[in-house]
Amino acid sequence: MQSMAPSHRYADGDKFQRAFCAAVLLVFLLGIFWTVAGCVRPAAPPDRIDAGRHKEASELFLQAAPARFYNDLFTRRDGGWTGGDGTRSVVLPDGRILWLFGDTFLGTVRPDRSRPRAAPMVRNTFVVQSGDTLVTLHGGTAASPQAFVTPQERGSWYWPTDGLVEGNRLLVFLPRFTATGPGMWEWRWNGTDIGTFSLPELRLEKITVAVAVNRVIYGAALLKDADATYIYGAEDLQSAKHVHIAKAAPGHLDDAWEYWDGERWTDDPLASKRLFSGAALQFSVFKTGDRYVLITSDNRNPFDSAIVAYVSPSPTGPWSLSSLLYRPPEAKGDIVAYNALAHPHLSPQDRLVLSYNLNHIRDAEAVYRNADVYRPRFVLVDLKALRYEP
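Conventions adopted
- Residues numbered from 1 in each chain as written.
- Predicted model: local features only at pLDDT ≥ 70, side-chain atom pairs only at ≥ 80, totals over all residues.
- Heavy atoms only, no water.
- Helix = DSSP H or I, 4+ residues; strand = E, 2+ residues; numbered from the N terminus.
- Buried < 20%, exposed > 50% of the residue type's maximum accessible area, 1.4 Å probe, protein only.
- Contact = heavy atoms within 4.5 Å.
- Areas by Shrake-Rupley, 256 points an atom, 1.4 Å probe, with all protein chains shown as cover.
- Salt bridge = Lys/Arg side-chain N within 4 Å of Asp/Glu carboxyl O.
- Polar contact = N/O pair within 3.5 Å; in protein donor to acceptor, adjacent residues only side chain to side chain.
- Pairing = 2+ DSSP bridges.
- pLDDT = per-residue confidence, 0-100.
- Phe/Tyr/Trp six-rings, centres within 6.5 Å; stacked < 30°, edge-to-face > 60°.

1. Focus: the overall build of the protein chain
Next up, step 1: A tally of helices and strands in the protein chain yields 4 helices and 28 strands.
Next up, step 2: Counting across all 390 residues of the protein chain, residues that qualify as buried make up 59%.
Next up, step 3: Contacts spanning at least 24 positions in sequence make up 60% of the contacts within the protein chain whose residues lie at least 6 apart.
Next up, step 4: For the protein chain, the accessible surface area stands at approximately 15200 Å², while carbon and sulfur atoms represent 52% of it.

2. Regarding the pattern of salt bridges
Side chains carrying opposite charge are able to pair once their charged atoms draw close together.
Next up, step 1: Enumeration over the complete set of coordinates arrives at 23 salt bridges.
Next up, step 2: Where Arg-375 meets Asp-372, a salt bridge forms, and the shortest distance between an N and an O atom there is 2.8 Å. The two residues Arg-375 and Asp-372 agree in class, both being buried.
Next up, step 3: Salt bridges sharing partners connect three or more residues here, namely Glu-166, Arg-169, Lys-206 and Asp-254.

3. Overview of unusual backbone geometry
Next up, step 1: Across the junction of Leu-199 and Pro-200, the peptide omega takes the value 10 degrees, indicating a cis bond.
Next up, step 2: A cis geometry characterises the amide bond from Gly-317 onward to Pro-318, with omega recorded as 10 degrees.
Next up, step 3: Along the chain, the position of Pro-318 falls in the loop between strand 24 (307-312) and strand 25 (320-326).
Next up, step 4: Look at Leu-202: it is not a glycine, yet its phi comes out positive at around 60 degrees.
Next up, step 5: Leu-202 gets classed as buried once you look at its relative accessible area, which sits at 3%.
Next up, step 6: Even without a glycine there, the phi angle at Asn-214 is positive, about 60 degrees.

4. Here we look at the side chain of Ser-312
Next up, step 1: With respect to the helices and strands, Ser-312 occurs in strand 24.
Next up, step 2: Within the structure, Ser-312 has its side chain in polar contact with the backbone oxygen of Pro-318 (distance 3.3 Å).

5. Structural notes on the sheet that holds strand 7 (residues 121-122)
Next up, step 1: Ordered in space as 3-6-7, the 3 strands form an open sheet in which the pairing is antiparallel. Edge positions in the open sheet fall to strand 3 (78-84) and strand 7, since each of these has one partner strand only.

6. Here we look at the pairing of strand 25
In summary, the side chains of a regular strand alternate between the two faces of the sheet.
Next up, step 1: Of all 7 residues making up strand 25, 7 are buried, and the element is well covered by its neighbours.
Next up, step 2: Sheet analysis places strand 24 next to strand 25, joined by 5 bridges and oriented antiparallel. The residue of strand 25 that forms the bridge with Val-311 is Ser-320.

7. Thoughts on the confidence of the model for the protein chain
Low-pLDDT portions of the prediction should not be read for the details of their coordinates.
Next up, step 1: Summarising the model, the protein chain shows a mean pLDDT of 84, and 82% of its residues fall at 70 or more.
Next up, step 2: pLDDT under 50 marks residues 1-62. Its contacts with residues more than four places away, or in other chains, come to 190 contacts.

8. Notes on the packing of aromatic side chains
Next up, step 1: In the structure shown here, the tally under the stated rule is 28 aromatic pairs.
Next up, step 2: With centroids separated by 6.4 Å and ring planes inclined at 55 degrees, the aromatic side chains of Trp-257 and Tyr-259 adopt a geometry described as tilted.
Next up, step 3: Judged by centre distance (4.5 Å) and plane angle (35 degrees), the ring pair of Phe-276 and Tyr-310 falls under tilted. One end of the pair, Phe-276, is in strand 21 (residues 276-277); the other, Tyr-310, is in strand 24, with 34 residues separating them in the sequence. When sorted by exposure, Phe-276 lands in the same class as Tyr-310, which is buried.
Next up, step 4: An aromatic cluster of three or more residues is present, and its members are Phe-69, Tyr-70, Phe-74, Trp-81, Trp-99, Phe-101 and Phe-378.

9. Remarks on the environment of Ala-249
Next up, step 1: Among the secondary structure elements, Ala-249 is positioned in the loop between strand 18 (240-248) and strand 19 (258-260).
Next up, step 2: Residue Ala-249 is classed as partly exposed on the basis of its relative accessible area, which comes to 39%.

10. Side note on the sheet that holds strand 27 (residues 351-360)
Next up, step 1: One open sheet holds the 4 strands; their spatial order is 2-28-27-26, and the pairing between them is antiparallel. The open sheet is flanked by strand 2 (65-66) and strand 26 (335-342), the only strands paired with a single partner.
Next up, step 2: Bridge analysis of strand 2 against strand 28 (residues 376-382) gives 2 bridges, and the strand direction is antiparallel. In the sheet register, Pro-66 faces strand 28, and the bridge partner there is Val-379.

11. Here we look at the environment of Lys-224
Next up, step 1: Mapped onto the fold, Lys-224 is located in strand 16 (residues 216-224).
Next up, step 2: Among the residues examined, Lys-224 registers a relative accessible area of 52% and is labelled exposed.
Next up, step 3: Taking the C-alpha atoms as reference points, Lys-224 and Ala-249, 25 residues apart in sequence, are found 9.9 Å from one another.
Next up, step 4: If we skip the residues at most four places from it in the chain, Lys-224 touches Leu-164, Val-165 and Thr-229.
Next up, step 5: A distance of 2.7 Å separates a polar atom in the side chain of Lys-224 from the backbone oxygen of Val-165.

12. Thoughts on the pairing of strand 17 (residues 229-237)
Next up, step 1: Of all the 9 residues making up strand 17, 8 are buried; the element is thus mostly covered by neighbouring parts of the structure.
Next up, step 2: When strand 16 meets strand 17, the two strands line up antiparallel, connected through 7 bridges. Bridged to Lys-224 within strand 17 is Thr-229.
Next up, step 3: Between strand 16 and the antiparallel strand that follows it, strand 17, lie 4 residues.
Next up, step 4: Pairing of strand 17 with strand 18, which is carried by 9 bridges, proceeds in the antiparallel orientation. Of the residues in strand 18, the one forming a bridge with Gly-233 is His-244.
Next up, step 5: Hairpin geometry of strand 17 and strand 18 is characterised by an intervening segment of 2 residues between the two adjacent antiparallel strands and by a positive phi of about 65 degrees at Gln-238.

Dropping the structure here:
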């Protein structure tokens, strides 16, 4: 079992101050790099997608539009969550929407959108949306907040990935990271746990250790289909990322899995074969009609801001690069866009809500001068852009 500080629920209007040391900030900035690469590299050249294959991209950009409700909702200034990355959404049985975030700023934002230097940061939060109201869940107290869920190992932390509801419980994948020294780059992925939370309380009930072999971080995306729950993983070789897949029986995500060996399912995790390369370490998979769609930041080249779609006739593939969906306009210079995710359960008909995160890769003070540097953005794109070309 893991240890966790008592959770504190704190809605808009609560205020607190807490000293925030520079060393923690340095480690915080690492949160963006586990989605793109293992070290800082110059920004990639702007175009990575063949113009012939994606000749409709400029048309699609004209059809894309900001998802104003969610952009406004996550432009916070007073109390609770004021910035974070990850940005997973899970619809709960009672209609609330749960948002899962990694490194999170709490506290207040000034009217000029600057952030107090004493604003606390914690490793993860759960944010519960009811209509246009957000309630932030974290550990510790209002005066001394901690992450909502914390590993037992000293010096370790969780950055949540995907989650889903099974009956009266919520299961969330919790990749675990461990500091290996005091330096900025001295940390590593140290396995993945699955947290089980009661509903509707969102109280942690247990931690289950997930399979962690072949450097595959399972839980990059989850998909509930008619006959199985599919668990997508990302094999992290720093500059290269490879997609894997496992499956569990419906309603038994925390039981034994099977793994795709390229031809059939097996109970041997070491036999798992790569489906394709080019996705980031976090992505989304959903089904529309008879096709499976994977949305990701284009990771074929470091720090490419493009959001792309892969399409397949089955959960295992073959996966075909379908469309360039969007290129975030804020990604310029040392501002990077990453962690592109889809929210089909929040999307209107024939449109798809996408989110992506922003951060500054070099200037640690940028997130204080402008709170909008470190928060998600939301956009609506046209689902008709998705094409399948076997």
